[in-house]
Amino acid sequence: MVRLDDLHPEEAQHMRGMGQRFSRMPLGDTPFTAPPPLGEAKIALITSAGLHRRHDRPFRFGDMGYRIIPNDVDRADLIQTQVSVNFDRTHYQRDINVVLPLDRLRELADAGEIGGVSEWHYSVLGSNPNPFFLKDAAADLAQRMRESDVHCAMLTPV
Amino acid sequence: MPFPLGRPLGVADDPEFQKDVLRSALRLLETAAEPVIEDYPHEAPDGNGDGVWACSVSMPQPDVSDLESALRREVDLLMPWYEETRRARGRSTVGMSGATPEQIDSVVSFVAACAEGAGFSVVPEAAQGPNWIHPMPMLLRYVVEDLRAFYQEAVTSRPGTTPPSQHDMHTWIFGETALGRALMQIGHRIAEVGDPPLLMMRGFMIPEGFWIDGPTWGQQPRTDAAPDAFRRAAAYLAGERS
């Protein structure tokens with residue numbers, strides 16, 4: 001994540017407040033499951049960039065669902081309906097891999113560094129005051145990834 | 001990963017750097033026996049911009065007495081470079097509002113109308129046509145983002161030049177363009193209405209540090225810090241006024 005010192009003071013103060021609230025949320029036990037060796041692991045991406053295909057339902061402010069991004073998606077078909085203006089879009093405009101590294105994962109799989117790439121990746125809306133709002137979506141995503149033999153999810157927050 | 005927000009892989013067009021970020025994260029899985037946090041040790045190659053970017057397209061001083069004409073002059077000047085970027089990249093990020101790149105004239109009409117007095121509850125008459133995919137008033141936020149994306153993609157087309165940072169882009173748009181003037185005018189009109197959710201929406205259009213009169217969200221608590229207020233604001237911005 002960005003360093004707070006690199007943010008505008010108003011934005012940094014907001015982030016600190018969010019961090020303090022999150023730190024008081026009861027997370028319970030933190031599960032940990034050791035995956036297979038990376039060379040055998042199938043990996044999916046989950047981004048909070050608010051990406052989706054043009055014909056998909058756009059993200060609305062307060063949207064707690066997710067969108068599916070096929071691994072073979074046409075990059076030109078992806079748009080971003082994230083609501084926040086306080087993040088850098090210039091690199092994403094040049095190269096989708098900076099938020100959704102589809103090409104990089106494929107290259108790692110081709111080189112045998114990872115076992116494979118999921119047929120589907122997933123996108124959520126990151127501007128969210130409470131991570132528990134995404135609890136239902138997260139549970140459903142976990143089940144879907146399990147059913148498609150995904151071992152690891154790489155989160156790419158914006 | 002100590003990169004600017006919006007760039008979790010660090011930098012565009014640098015496959016080796018991006019793969020190093022991925023490998024560093026994935027390798028934690030090979031050694032960790034419990035959840036761990038580790039800092040990535042490298043800065044992104046052009047992480048903070050060099051502060052010397054200048055727009056390569058010669059733009060006239062915006063004429064604020066006729067904002068719509070000034071916007072159209074800028075769009076006409078930028079269009080060849082936007083088309084070149086779209087061709088070179090094989091994609092454009094314009095389309096968040098539902099307007100296609102070919103409908104950028106309607107996007108301009110929309111922004112100009114809202115800057116010059118149209119209400120925030122219905123689509124301006126002058127901007128009918130595109131298949132807008134968001135409700136008002138939040139649609140305005142995505143229309144603005146489409147026009148900003150058009151500008152940004154147009155002025156980052158020339159190869160071999162130092163890519164601008166997002167801060168460079170905002171500084172240019174708000175300091176030198178009719179689009180910046182239009183956004184500020186919309187911001188002032190929102191301030192006149194004074195509804196907290198609209199002020200929140202202003203915070204989605206004008207980044208912190210670029211609104212001339214204090215925090216872009218206005219002098220109110222950040223509404224997204226309170227879940228109930230967040231839900232009410234989300235409903236309001238989706239056009240649900242009951």
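Keep in mind that this is a model prediction, so the values were computed, not measured.

S.K.: Could you give an account of the overall build of chain B, with specific residues and numbers?
M.R.: Along chain B, the regular secondary structure elements total eight helices and zero strands. For chain B, the succession of helices and strands along the chain, N to C, is α-α-α-α-α-α-α-α. Taking the principal axes of its C-alpha atoms as reference, chain B extends roughly 60 × 45 × 35 Å. By residue count, 46% of the 242 residues in chain B fall in the buried class.

S.K.: I'd like to hear about the overall build of chain A, residue by residue, with values.
M.R.: The helix and strand inventory of chain A stands at four helices and seven strands. Secondary structure elements in chain A, listed N-terminal to C-terminal, are α-β-β-β-β-α-α-β-β-α-β. A compact globule built from 158 residues should have a C-alpha radius of gyration of about 15 Å, and chain A, at 16 Å, falls within 12% of that. The principal-axis extents of the C-alpha atoms in chain A amount to approximately 45 × 40 × 30 Å. Intrachain contacts of chain A at a sequence separation of at least 6 include 77% that bridge at least 24 residues.

S.K.: If you had to explain the nonpolar core to someone new, which residues and values would you point to?
M.R.: Judged by nonpolar contacts, the single largest core of 94 residues is most densely connected at Leu71, Val111, Val143, Leu147, Phe150 and Ala182 of chain B. For this core, the domains that each give at least three residues are domain 1 (1-46) and domain 2 (64-191) of chain B.

S.K.: Describe in detail the domain arrangement of chain B, supporting the description with residues and values.
M.R.: What the domain assignment lists for chain B is domain 1 (1-46) and domain 2 (64-191). Between the C-alpha centres of domain 1 of chain B and domain 2 of chain B there is a distance of 33 Å.

S.K.: Tell me about the interface of chain A and chain B, and name the residues and values.
M.R.: Interfaces are often sized by the amount of accessible area the parts lose when they come together. Taken together, the contact between chain A and chain B spans 51 residues of the former and 58 residues of the latter. Taken together, the elements giving at least two residues each to the side of chain A that touches chain B come down to helix H1 (9-23), strand E4 (78-80), helix H2 (90-94), helix H3 (102-110) and strand E7 (152-156) of chain A. The element that contributes the greatest number of residues to the side of chain A that touches chain B is H2 of chain A, accounting for five residues. Grouping the constituent residues of the side of chain A that touches chain B by class yields 23 nonpolar, 15 polar and 13 charged.

S.K.: If you had to explain the pairing of strand E1 (residues 42-47) of chain A to someone new, which residues and values would you point to?
M.R.: Residue and element names in this part refer to chain A. Relative to strand E5 (residues 116-117), E1 runs parallel, the two sharing two bridges. Across the sheet, residue Lys42 finds its bridge partner in E5, namely Gly116. Sheet topology note: the E1/E7 ladder contains five bridges and is parallel. Within E7, the position partnered with Ile43 by the bridge is Cys152. Sheet topology places E1 next to strand E6 (residues 120-123); two bridges connect them, and they run parallel. What sits directly across from Ile46, in E6, is Tyr122.

S.K.: Please set out the confidence of the model for chain B residue by residue, giving values where relevant.
M.R.: Do not read the fine detail of predicted coordinates wherever pLDDT is low. With 92% of its residues at a pLDDT of at least 70, chain B reaches an overall mean of 90. For chain B, per-element mean pLDDT is lowest for helix H8 (residues 227-237) of chain B, which scores 83, and highest for helix H3 (residues 104-115) of chain B, which scores 98.

S.K.: Account for the packing of H3 of chain A against helix H1 (residues 15-31) of chain B, with residues named and values stated.
M.R.: Interhelical geometry of H3 of chain A versus H1 of chain B gives an angle of 75° and a closest axis separation of 10 Å. Our classification of the angle between H3 of chain A and H1 of chain B gives roughly perpendicular. Contacts from Arg104, Glu107 and Leu108 of chain A in H3 of chain A reach Pro15, Gln18, Lys19 and Leu22 of chain B in H1 of chain B. Across the contact of H3 of chain A with H1 of chain B, the residue classes tally to three nonpolar, one polar and three charged.

S.K.: If you had to explain unusual backbone geometry to someone new, which residues and values would you point to?
M.R.: Note that the residue after Met136 of chain B, namely Pro137 of chain B, is joined by a cis bond; omega there is 5°. Note that Pro137 of chain B resides in the loop between H3 and helix H4 (138-155). Phi is positive for Asp149 of chain A, close to 60°, though the residue is something other than glycine. Inspection of the secondary structure assignment puts Asp149 of chain A in the loop between helix H4 (135-147) and E7. Note on Asp149 of chain A: 11 C-beta atoms within 10 Å, which makes it exposed. Notably, Asp13 of chain B is not glycine yet its phi reads approximately 60°, a positive angle. Assignment of secondary structure puts Asp13 of chain B in the segment before H1.

S.K.: How would you sum up the environment of Ala153 of chain A? Please name residues and give values.
M.R.: Tracing the backbone shows Ala153 of chain A in strand E7. For Ala153 of chain A, the residues in contact, after removing those within four places along its chain, are Ala44, Ile46 and Met145 of chain A.

S.K.: Which residues make up helix H7 (residues 196-205) of chain B, and what values do they have?
M.R.: All names here are of chain B. Among the ten residues that make up H7, nine are buried, leaving the element largely enclosed by the rest of the structure. Among the residues of H7, Pro197, Leu198, Leu199, Met200, Met201, Arg202, Gly203, Phe204 and Met205 are the ones counted as buried. Those residues of H7 that are buried lie in contact with H4, helix H6 (178-193) and H8.

S.K.: A description of H3 of chain B should follow, citing residues and the corresponding values.
M.R.: Given 3.6 residues to a turn, an α-helix orients residues that are three or four positions apart in the same direction. Residue and element names in this part refer to chain B. With twelve residues, H3 should cover 16 Å at 1.5 Å per step; its first-to-last C-alpha distance of 17 Å lies within 8% of that length. Where burial is concerned, most of H3 is hidden: ten out of the twelve residues are buried. Every buried residue of H3 is accounted for by Ile104, Ser106, Val107, Val108, Ser109, Phe110, Val111, Ala112, Cys114 and Ala115. In this fold, the buried residues of H3 make contact with helix H2 (67-89), H4 and H6.

S.K.: Break down the environment of Val144 of chain B for me, with residues and values.
M.R.: Residues and elements named next belong to chain B. Among the secondary structure elements, Val144 is positioned in helix H4. Classification of Val144 by C-beta neighbours within 10 Å gives buried; the count is 25. As for Val144 and Phe204, which are separated by 60 residues in sequence, their C-alpha atoms are 9.8 Å apart.

Thresholds applied
- Residues numbered from 1 in each chain as written.
- Chains lettered and ligands numbered in written order.
- Predicted model: local features only at pLDDT ≥ 70, side-chain atom pairs only at ≥ 80, totals over all residues.
- Helix = DSSP H or I, 4+ residues; strand = E, 2+ residues; numbered from the N terminus.
- Buried ≥ 20, exposed ≤ 12 C-beta atoms within 10 Å, placed from the backbone.
- Rg over C-alpha atoms; globule rule 2.2 N^0.38 Å.
- Contact = placed C-beta atoms within 7 Å.
- Core = buried A, V, L, I, M, F, W, Y, C linked by C-beta atoms within 7 Å.
- Domains from an automatic or database assignment.
- Nonpolar A, V, L, I, M, F, W, Y, C, P; charged D, E, K, R; others polar.
- Pairing = 2+ DSSP bridges.
- pLDDT = per-residue confidence, 0-100.
- Axes fitted to C-alpha atoms, helices over the stretch in contact; angles between N-to-C directions.
- Parallel < 35°, antiparallel > 145°, perpendicular 65-115°, else oblique.
- Expected span 1.5 Å × (residues − 1).

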